[in-house]
Amino acid sequence: MPSTQREKTMTETYVGAIDQGTTGTRFMVFDHSGGVVASAYKKHEQIYPEPGWVEHDPVEIWENTKDVIQLALQEEGLDATQLEGIGITNQRETTIVWDKETGEPVHNALVWQDRRTTDRVEEIQEEDKVEWIREKTGLECDAYFSATKAEWILDNADPIKLQRSRPEDVRDRAEDGELMMGTPDTWVIYNLTGNHITDVSNASRTMLYDIEGLHWDDELLDEFNVPREILPEVRPSSDDETYGSTDADGFLGAEVPVAGALGDQQAALFGQTCFDAGDAKNTYGTGSFMLMNTGNEAVSSDHGLLTTIGFQKSGGDVQYALEGSIFITGAAIEWLEDMTLIEDAAESEELARSIDSTDGVYVVPAFTGLGAPHWDQRARGTIVGMTRGTRREHIVRATLESIAYQTKDVAEAMVSDADIDLSSLRVDGGAVKNNFLCQLQSNIIGTEIVRPVVDETTALGAAYAAGLAVGYWDTVDELRDNWQVDRRFPVDEDADIEVNYDRWKDAVERSEDWARDEGGD
Ligand code: ADP
């Protein structure tokens, strides 16, 4: 680097974002215009102890977090003192319990995809408590959320690891306040600052938090046998008071305030500058998550969507969102790769364009059940409509179409619930590189799709939250000015999709309630 450029770089300041995701952890550094200055990424191990169980090692995650921060700074010749603040965004719902004294996890993290508590959830459903839970938390009672995961860890963590002899001791220690629980934001904040804190958006995904009263709910804690003592303090997503700072004598060698945290999907909403009621985004990653800001009102859904907390800036009201969570979208493209129907994800576009239609083939990628708006834990993947003439192109195109149809299911539910017309939908995530998918999506939902230049909106949202808190940015208008369109996909009015969409609904029905008895998981 020329010396003048280095000098300039050394005096400039930035904001960092830790993106602690399901497959890996990324650290990104952003400048004032929202541009990416540095980035490093590391994957962590996916642990599958039994079918349907998914775990991560929290220690590996923390080690990787430190590594990627150092790596990103080193690669671009930046110094930690140039960071005015750090924000965190994270895989949501994933649950970790650790020892308050030693900081050691008592069990691996139970990942959001983990289905081991399905039976427990069905017990609650049979007890008719679903509506009661929805009213308090805005969530659909499902194994996806943290509550049953925390309960499982407290009941099953190996007491030997805790140097205790009886399983009851794990729970006893929790009740005595000797353990701490948290989602990955809390785990990372704790390791960075020593403080036990989460933000409102992450708290709203635990199924233990009253999203209107804004407090941990005693009745839910009772129901799920989670002692209040182990829960973190809940703070605004962008917090002037900050969550604490890194230690000048620690791994970073500088005291940097940690001032923002948002669950990954809420971070993307924030990064896409969806600050006002009616603003919506859809992220196409492993799964897809469509969120619509509904302002200060927690809109309850009659159509299988979740009501969740979007974000809160310190001193401001909580902003709510409606969310449609689709479990498998990009992961269905990965499945095509695994099945060697395509060589890489990009080839899906080429193959889909090489034919005019799927010839009546529908793929429903319900590999782990169906999320919004169907909520069927026992649905499984289905391909219908095949004939002797079906070729891989048809399956590939049908898989891409399934991503767009699942989004339509959610978008329709959202428009009905919020009573707001979608004027445009901002998109991000790995799969929006696929122009065929973006255009198809626009035609299928009948709404313009807009793809921004910076597609790392999740990390950007976390940086924005922290940067606003420490005064790196003064107003959200500055952030709006940073947002730039890469490409718009207007609706092709000639596209005829209604008939096909009806057939899609038929195909979904055929995938439902499949994994029963021995044919199950
Ligand atoms: P996550 O954050 O959930 O790990 P990403 O946002 O990195 O996911 O997106 C990765 C996903 O995007 C993968 O599931 C991959 O199959 C999908 N993907 C990547 N490129 C394409 C493409 N050109 N067409 C369709 N899907 C794609």
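For clarity, every value in this text was computed on a predicted model and none was experimentally measured. (Residues numbered from 1 in each chain as written. Predicted model: local features only at pLDDT ≥ 70, side-chain atom pairs only at ≥ 80, totals over all residues. Heavy atoms only, no water.)

> Residue-level account of the overall build of the protein, with values.
Counting secondary structure elements, the protein contains 17 helices and 22 strands. In terms of overall size, the protein behaves like a compact globule, its C-alpha atoms giving a radius of gyration of 23 Å where 521 residues would be expected to give roughly 24 Å. Across its three principal axes, the protein shows a C-alpha extent of roughly 65 × 65 × 45 Å. A total of 521 residues make up the protein; the buried ones form 60% of that total. Considering only residue pairs separated by 6 or more positions, the protein has 71% of its internal contacts joining residues 24 or more positions apart. With the model as given, the accessible surface of the protein reaches about 20,600 Å², and the carbon-plus-sulfur share is 42%. Side chains of the protein carry 43 positive and 103 negative charges; the gap between the two charge centres is 3 Å. (Helix = DSSP H or I, 4+ residues; strand = E, 2+ residues; numbered from the N terminus. Rg over C-alpha atoms; globule rule 2.2 N^0.38 Å. Buried < 20%, exposed > 50% of the residue type's maximum accessible area, 1.4 Å probe, protein only. Contact = heavy atoms within 4.5 Å. Areas by Shrake-Rupley, 256 points an atom, 1.4 Å probe, with all protein chains shown as cover. Lys, Arg positive; Asp, Glu negative; His and termini not counted. Charge placed at Lys NZ, Arg CZ, Asp CG, Glu CD.)

> Can you break down the packing of helix α11 (residues 330-338) against helix α13 (residues 392-418) residue by residue, with the values?
Packing of α11 against α13 brings their axes to within 9 Å, and their N-to-C directions diverge by 165 degrees. Judged by the inter-axis angle, α11 sits roughly antiparallel to α13. Both α11 and α13 take part in a crossing whose hand is right-handed. Across the interface between the two elements, Gly330, Ala332, Ile333 and Leu336 of α11 pack against Ile395, Val396, Thr399, Leu400 and Ile403 of α13. Partitioned by chemical class, the residues of the contact of α11 with α13 number seven nonpolar, two polar and no charged. (Axes fitted to C-alpha atoms, helices over the stretch in contact; angles between N-to-C directions. Parallel < 35°, antiparallel > 145°, perpendicular 65-115°, else oblique. Left-handed = near helix turned anticlockwise from the far one by under 90°. Nonpolar A, V, L, I, M, F, W, Y, C, P; charged D, E, K, R; others polar.)

> Quick one: what's the story with the pattern of salt bridges, residue by residue and with numbers?
According to the stated counting rule, one finds 36 salt bridges in the structure shown. The salt bridge partner of Arg205 is Glu93, with a shortest N-O separation of 2.8 Å. In this pair, Arg205 sits in the loop between α8 (200-203) and β10 (209-210) while Glu93 sits in the loop between β5 (83-90) and β6 (96-99), placing the two residues 112 residues apart along the sequence. The closest approach of N and O atoms between Arg134 and Glu131, which form a salt bridge, is 3.1 Å. Residue Arg134 and its partner Glu131 are located together in helix α4 (residues 130-137), separated by three residues, close to a single helical turn. Classification of Arg134 by relative accessible area gives partly exposed; the value is 22%. Through salt bridges that share partners, Arg120, Glu123, Glu127, Lys129, Glu151 and Glu223 make up one connected network. (Salt bridge = Lys/Arg side-chain N within 4 Å of Asp/Glu carboxyl O.)

> Please provide a residue-by-residue account of the packing of helix α10 (residues 264-271) against helix α15 (residues 457-469), values included.
Between α10 and α15, whose axes approach to 7 Å, the crossing angle comes to 75 degrees. Relative to α15, the element α10 is oriented roughly perpendicular. Between α10, through Asp264, Ala267, Ala268, Phe270 and Gly271, and α15, the contact on the second element is made entirely by Thr457, Thr458, Leu460, Gly461, Ala462, Tyr464, Ala465 and Leu468.

> Which residues make up the sheet that holds strand β22 (residues 485-489), and what values do they have?
If you walk across this open sheet you meet the seven strands as β16-β17-β15-β14-β20-β21-β22, and the pairing is mixed. The open sheet has two edge strands, β16 (306-312) and β22, and neither has a second partner. Going from strand to strand, the sheet's axes swing by 30 degrees on average, the running direction of each strand aside. In terms of strand pairing, strand β14 (residues 280-284) meets strand β15 (residues 288-295) through five bridges, oriented antiparallel. The residue bridging Asn282 from the neighbouring strand is Met290, located in β15. (Pairing = 2+ DSSP bridges.)

> Any chance you could break down helix α14 (residues 435-445) for me, citing the residues and the numbers?
With nine of its 11 residues buried, α14 lies for the most part within the structure. Regarding α14, the residues found buried are Phe436, Leu437, Cys438, Leu440, Gln441, Ser442, Asn443, Ile444 and Ile445. Where the residues of α14 are buried, they touch β14, α12 (347-353), α13, β20 (424-428), β21 (448-452) and β22. A distance of 3.1 Å separates the backbone nitrogen of Phe436 from a side-chain oxygen at the start of α14, and that oxygen is part of Asn434. Looking one or two places after α14, you find Gly446, whose phi comes out positive at around 65 degrees. (Polar contact = N/O pair within 3.5 Å; in protein donor to acceptor, adjacent residues only side chain to side chain.)

> Before we move on, could you go through the sheet that holds strand β1 (residues 14-20) and cite the residues and values that matter?
With mixed pairing, five strands are arranged side by side in an open sheet as β3-β2-β1-β5-β13. Two strands lie at the open edges of the sheet, namely β3 (36-43) and β13 (258-263), each paired on one side alone. For this sheet, the mean inter-axis angle between neighbouring strands, taken without regard to orientation, is 15 degrees. Looking at chain direction, strand β2 (residues 24-30) and β3 are connected through seven bridges and run antiparallel. By the bridge assignment, Met28 is partnered in β3 with Ser39. Together, β1, β2, β3 and β5 form the strand contacts of helix α2 (residues 58-75), whose direction differs from that of β3 by roughly 145 degrees. Contacts from helix α7 (residues 184-193) reach β1, β5 and β13, with the element oriented near 150 degrees to β5.

Treat this as a map of the structure, not an account of what it does.
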